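# Observations on the three-dimensional arrangement
Read off the chains here:
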Amino acid sequence: MALNKAKIIELPKICDRRGNLSFIQNQTHVPFDIARVYWIYDVPGGQYRDGHAFRSQHELIVALSGSFDVVLKDGNETKRFHMSRSYYGLYVPPLTWREIDNFSTNSVALVLSSTTYNENDYIRDFNEFKAISNEQE
Ligand code: TYD
C-alpha cells in the first residue's frame, strides 16, 4: 500500500539569532532524485486544490509559510497531515491520491518532484485511481 510509505521527514534546522535555516539536499533528505520544484502561493484562505495521484512521480511537500492540510488516500484508507512547519516535509509516493485543503492566508506550499512535468503521469479521476492501485496489489 503506497499510503504506508508516505511519511513526514524532519529536515535539518540551523537555529541562529539571525533566523533559522533549513535545507534539502538531493538523495540525503528525499528518497528520490529531484527533477523539478514548484510552489503554490497566493491561495485564498480556506481554499482547496483538486485531488489527483501520479503514476510514477514521487513528491515532497513543505509548508514554507503558513499552513495547510494534505489529505492522502489509497482507496481504502485516508490520512490527513497538518503542515505548518518549514522543517517538516511530507513524502508522497507514487499511486497515492492527494488533496490539499485548509490553506491559511499567505501560505506557501513548496513541492519537490522526482519528474519533470508530464500530464500523462496524472490520474485525475478517483475511480480510475482506485482501479489502477488495486491492480498493483
Ligand atoms: P496541477 O498539478 O493540476 O495543480 P494541483 O496539483 O493544484 O491540482 O497544475 C495546475 C496547472 O499548472 C495545470 O494546468 C498544469 C500546470 N503545471 C505545469 O505546467 N507545470 C507544473 O510543474 C505543474 C505542477 C503544473
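Relevant structure appears above.
Predicted model only: the values in this text are computed from it and were never measured.

Our next topic: the environment of Ser 67. In this fold, Ser 67 is placed in the loop between strand E6 (59-65) and strand E7 (68-73). According to the relative accessible area criterion, Ser 67 is buried, its value standing at 14%. Along the backbone, Ser 67 and Ala 6 are 61 residues apart, and their C-alpha atoms lie at a distance of 19 Å. Discounting residues that sit within four places of it in the chain, Ser 67 has contacts with His 82, Met 83, Ser 84, Asn 102, Phe 103, Ser 104 and Ser 107.

So, on to the packing of aromatic side chains. Tallying each qualifying case throughout the model produces eight aromatic pairs. Ring geometry for Phe 54 versus Tyr 122: centroids 4.8 Å apart, planes at 75 degrees, classification edge-to-face. With Phe 54 in strand E5 (residues 49-54) and Tyr 122 in strand E12 (residues 122-123), this pair connects stretches of sequence that are 68 residues apart. Across the pair, exposure class does not vary: Phe 54 and Tyr 122 are buried alike. Measuring from ring centre to ring centre gives 5.6 Å for Trp 97 and Phe 129, while their planes differ by 45 degrees; the resulting arrangement is tilted. Highlighted residues: Trp 97 in strand E10 (residues 97-101) and Phe 129 in helix H2 (residues 126-136), separated in sequence by 32 residues.

Taken together, Arg 36, Tyr 38, Arg 49, Asp 50, His 52, Arg 98, Tyr 117, Tyr 122 and Arg 124 form the complete shell of residues around the ligand. Taking Tyr 122, its side chain carries an N or O atom lying 2.5 Å from an oxygen atom of the ligand. Contacts to the ligand include Arg 124, whose side-chain N or O atom sits 3.0 Å from an oxygen atom. Contact with the protein chains hides 62% of the accessible area of the ligand, taken as 520 Å² for the molecule alone. With three residues, E5 is the largest single contributor of residues to the shell around the ligand. Considering only residue class, the shell around the ligand consists of three nonpolar, one polar and five charged.

Taking strand neighbours across the sheet as the criterion, the five strands line up as E1-E9-E6-E11-E4 in an open arrangement whose pairing is antiparallel. With partners counted over all chains shown, the strands left at the sheet margins are strand E1 (7-10) and strand E4 (36-40), one partner each. Taking each pair of neighbouring strands and ignoring which way they run, the sheet shows an average axis angle of 25 degrees. Relative to strand E9 (residues 88-92), E1 runs antiparallel, the two being bridged by four bridges. Directly across from Ile 8, in E9, lies its bridge partner Leu 90.

The rules behind the values
Residues numbered from 1 in each chain as written. Predicted model: local features only at pLDDT ≥ 70, side-chain atom pairs only at ≥ 80, totals over all residues. Heavy atoms only, no water. Helix = DSSP H or I, 4+ residues; strand = E, 2+ residues; numbered from the N terminus. Buried < 20%, exposed > 50% of the residue type's maximum accessible area, 1.4 Å probe, protein only. Contact = heavy atoms within 4.5 Å. Phe/Tyr/Trp six-rings, centres within 6.5 Å; stacked < 30°, edge-to-face > 60°. Near = heavy atom within 4 Å. Polar contact = N/O pair within 3.5 Å; in protein donor to acceptor, adjacent residues only side chain to side chain. Areas by Shrake-Rupley, 256 points an atom, 1.4 Å probe, with all protein chains shown as cover. Nonpolar A, V, L, I, M, F, W, Y, C, P; charged D, E, K, R; others polar. Pairing = 2+ DSSP bridges. Axes fitted to C-alpha atoms, helices over the stretch in contact; angles between N-to-C directions.

Any link to function would need more than the numbers given here.
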